[in-house]
Amino acid sequence: MHTVVIIGSGPAGLTAAIYAARANLSPLLIEGWQAGGQLTTTTEVENYPGFAKGIMGPELMKEMRAQAERFGTAFKTGDVTSVDLKTRPFQIVVDGEETLKTKTLIIATGASPITLGLSNEKRLWGHGVSSCATCDGFFFRGKELVVVGGGDSAMEEATFLTKFANKVSIVHRRDKLRASKIMQDRAMQNEKITFVWNSVVEDVLGQDVVSGARIRNVVTGTVWDLPCAGFFLAIGHRPNTALFAGQLKMNQAGYLITTHGTTTDVPGVFAAGDVQDSHYRQAITAAGTGCMAAIDAERFLETSSHG
Ligand code: NAP
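Residues numbered from 1 in each chain as written. Predicted model: local features only at pLDDT ≥ 70, side-chain atom pairs only at ≥ 80, totals over all residues. Heavy atoms only, no water.

Observations regarding the site of the ligand
Reasoning step 1: Close to the ligand lie 19 residues, the nearest being D152, S153, R173, R174 and R178.
Reasoning step 2: Within the contact set of the ligand, an oxygen atom lies 2.5 Å away from a side-chain nitrogen or oxygen of D152.
Reasoning step 3: Residue R173 places a side-chain N or O atom 3.0 Å away from an oxygen atom belonging to the ligand.
Reasoning step 4: Here the ligand loses 76% of its free accessible area of 910 Å² to cover by the protein chains. (Near = heavy atom within 4 Å. Polar contact = N/O pair within 3.5 Å; in protein donor to acceptor, adjacent residues only side chain to side chain. Areas by Shrake-Rupley, 256 points an atom, 1.4 Å probe, with all protein chains shown as cover.)

Concerning the environment of S211
Reasoning step 1: Tracing the backbone shows S211 in the loop between β14 (199–205) and β15 (212–217).
Reasoning step 2: The residues contacting S211, other than those within four sequence positions of it, are L205, G206, P227 and C228. (Helix = DSSP H or I, 4+ residues; strand = E, 2+ residues; numbered from the N terminus. Contact = heavy atoms within 4.5 Å.)

Considering the pairing of strand β2 (residues 28–31)
Reasoning step 1: Of the two faces of β2, the one carrying L28 and I30 and the one carrying L29 and E31 are both buried.
Reasoning step 2: In terms of strand pairing, strand β1 (residues 2–7) meets β2 through three bridges, oriented parallel. Looking across to β2, one finds that I6 is bridged to L29.
Reasoning step 3: After leaving β1, the chain enters helix α1 (residues 11–22) and then returns to the sheet as β2, a path that is right-handed.
Reasoning step 4: Both β2 and strand β5 (residues 74–77) contribute to a ladder of four bridges, which runs parallel. Within the sheet, the bridge partner assigned to L28 lies in β5 and is A74. (Buried < 20%, exposed > 50% of the residue type's maximum accessible area, 1.4 Å probe, protein only. Pairing = 2+ DSSP bridges. Right-handed = clockwise from strand over helix to strand, strands pointing away.)

Re the sheet that holds strand β17 (residues 230–233)
Reasoning step 1: Read across the sheet, five strands follow the order β10-β17-β11-β12-β13 without closing on themselves; strand pairing throughout is parallel. Edge positions in the sheet fall to β10 (129–130) and β13 (193–196), since each has one partner strand and no second.
Reasoning step 2: Two strands pair when backbone bridges link them, and β10 and β17 are joined in this way by two bridges, in the parallel orientation. Bridge pairing in β17 links V129 to F231.

Take a look at the structure:
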């Protein structure tokens, strides 16, 4: 029987682990097969306080994990396949095999990249289609690439990809970007970046590897093929909450609803990070709510009959 189980190993989960471990709650953190959360797929993090010169995302996560381990967090690698929050203690099944029991649960499962839902996008995933410039940019030295989206992620990915690519086309469905001014300016000033406005992707082209993208201008209706060797998606994220459907309150987009800090509608279950935050979605806000979740769990254990 565990006192605190944390699902998720991004900044929210690891910060919850650091605080819970330092409160002598001996937390168990379940990290999925792709551990470390979204920061492991990013490059330079310039806005995480304490790193005046910036730090690489994967390096930041490695440090956070080491810090959680130092204070006695136990780690289990595996995917949580189901949870039962209607019984006490709560039950958590890992990889369909092992059932864990816990008095409190901190959910920090984050959010995953959204795809366009094209069949060729799925077929060519890993063969030129990617949602991670950091992971795959290196493979496209001297090539032409497409990035889809108009937010900060699209600007960041495109800018990063120009380190390798000869040309990066940002395909955006409107004529105005959603990205912050500073990220827009950075992309617009980059000579290797071209904008394809008012356009959507009709298909990803290529037999074994990506060779292009079929583009439709939504104003003129013109359809044309844009050659590219890599196709990067940067159109937002979806919260990883399918496990909790019917058991925890969610908003329309599927984000967990929390009140009074990180409290969900099931006492003893707390949620931190992007899984409950569609607005700020920053590493530092995720870490902040991870800290809150650990403190909320500690108080719950002190005051509730379930503790
Ligand atoms: P986002 O802000 O939600 O932007 C998604 C973009 O993709 C939008 O431009 C949207 O178009 C477009 N889009 C969505 N669905 C689409 C579809 N089906 N087809 C074509 N285009 C589609 O997502 P994000 O860029 O991933 O950023 C998420 C959050 O993280 C934001 O708060 C952002 O500020 C933050 N972030 C910060 C940094 C940084 O500061 N270093 C880096 C990355 C992300 P519309 O504009 O038309 O809706």
